[in-house]
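These are the residues of each chain, in order.
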Amino acid sequence: MRFASLGSGSHGNGTLIDDGETCVLVDLGFTVKEAERRLKRLGKTPADIDAILVTHEHGDHVHGVAPFARKHKRAVYMTPGTYVERKMGVVPDMKQINCHKPFLIGTLSIEPVAVPHDAKEPCQYVVSSNGFNVGVLTDLGHITAHVVQQYADCHGLLLECNHDTQMLEQGPYPYPLKQRVGGDHGHLNNNQAAELLQKINLGGLRHLVMSHISEKNNSPELAEKALLGVLEEWTGTLYTADQELGFDWIDLTV
Ligand SMILES: [Zn+2]
Ligand SMILES: [Zn+2]
């Protein structure tokens, strides 16, 4: 079981999860051409992707989904509320999911998790195979009890560290956007990400990736500082997901 990223941030997201038999892509916020280029960098072709899982309809997560699905004839999974054809475009092989009901794609078990975010029917995903759980958790305004429960036992976790509260407050965003990003249905700040880590089982967590880091309202250094404050006893590895480079394959089995 391993996972990698095509890129992470407000300009585009895409996470690959692969157990050697089945490979899914969570979100695709890049153009088809750009996605093909980034997949190649990770040793994958579009034909290797068994399906695309969509978290919510914001452009940085769906920009390339429908065009990629049409060109490469891939299945796409999302909640009914997430899909608006007029905005997203035609998706020929659409699988509607219930965000409270687990399902299978090939050898992967998929657990959707409803999250508080300013989208129609957003969910994030925990993907499992062979006893390993990979959690993707970005784009949520606060940590709910449901989120804590569903992400309690991840071996790999891609966790949003969107902003530093002080940088957001003093930064260049107009006031309404500051309110949105920092609000209960916006994005996780560094301290909220740290708060989640205090509530889950860190013993099993071997690989933690700081992701969806804002270029204007945060820095990898500030995010790391906040997380390390609650990771004193932790012996796993901490990574940063980059907008341009994402991150290379992280293997959970080693
Ligand atoms: Zn986003
Ligand atoms: Zn979003």
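Structure first, text after, so check above.
These notes cover the structure that comes with them. None of these values were measured; they are calculated from a predicted model.

Considering the coordination of the zinc ion (ligand 1)
Consideration 1: Coordination of the zinc ion (ligand 1) by the protein involves D60 (OD), H61 (NE2), D139 (OD) and H212 (NE2), with metal-donor separations of 2.2 Å.
Consideration 2: Angles of 92 to 161° at the metal separate the four donor atoms of the zinc ion (ligand 1), which places the site in the irregular class.
Consideration 3: Each donor residue of the zinc ion (ligand 1) lies on one chain, and together they are spaced D-H-x77-D-x72-H.
Consideration 4: In this model, the zinc ion (ligand 1) sits 3.6 Å from the zinc ion (ligand 2), the two metals being bridged by D139.
Consideration 5: The exposure class of D60 is buried, given its relative accessible area of 14%.
Consideration 6: Residue class for H61 comes out buried when judged on its relative accessible area of 1%.

What to know about unusual backbone geometry
Consideration 1: In this model, K73 sits at a positive phi of 50°, which is unusual for a non-glycine residue.
Consideration 2: Tracing the sequence through the fold places K73 in the loop between α3 (65-72) and β5 (75-78).
Consideration 3: A relative accessible area of 70% means that K73 is categorised as exposed.
Consideration 4: We note that D139 has phi near 60°; this positive angle belongs to a residue other than glycine.
Consideration 5: Within the element layout of this structure, D139 appears in the loop between β10 (132-137) and α5 (145-150).
Consideration 6: Overall, D139 belongs to the buried group, its relative accessible area being 1%.

Here we look at the pairing of strand β8 (residues 108-114)
Consideration 1: Where strand β7 (residues 103-105) meets β8, three bridges bridge the pair, whose relative direction is antiparallel. Counted as the bridge partner of I105 is L108 from β8.
Consideration 2: The pairing of β8 with strand β9 (residues 123-129) spans six bridges and is antiparallel. If you follow I110 over to β9, its bridge partner there is V127.

Comments concerning the state of the cysteines
Consideration 1: All chains considered together, the criterion is met by zero disulfides.
Consideration 2: C123 provides the cysteine sulfur closest to C99, a residue in no disulfide bond, and the two sulfurs are 5.8 Å apart.
Consideration 3: Classification of C123 by relative accessible area gives buried; the value is 0%.

Some points on the coordination of the zinc ion (ligand 2)
Consideration 1: The coordination sphere of the zinc ion (ligand 2), as far as protein atoms go, consists of H56 (NE2), H58 (ND1), H117 (NE2) and D139 (OD), spread over 2.2 to 2.4 Å.
Consideration 2: Relative to the metal, the four donor atoms surrounding the zinc ion (ligand 2) lie at angles of 92 to 169°, and the coordination shape comes out irregular.
Consideration 3: Ordering the donors of the zinc ion (ligand 2) by residue number gives the pattern H-x1-H-x58-H-x21-D.

Conventions and cut-offs
- Residues numbered from 1 in each chain as written.
- Chains lettered and ligands numbered in written order.
- Predicted model: local features only at pLDDT ≥ 70, side-chain atom pairs only at ≥ 80, totals over all residues.
- Heavy atoms only, no water.
- Donors = N, O, S within 2.8 Å, 3.2 Å for Na, K, Ca; no water.
- Tetrahedral: all angles 85-135°; square planar, octahedral: opposite > 155°, others 65-115°.
- Buried < 20%, exposed > 50% of the residue type's maximum accessible area, 1.4 Å probe, protein only.
- Helix = DSSP H or I, 4+ residues; strand = E, 2+ residues; numbered from the N terminus.
- Pairing = 2+ DSSP bridges.
- Disulfide = S-S within 2.5 Å.

Honestly, it's all geometry; don't read function into it.
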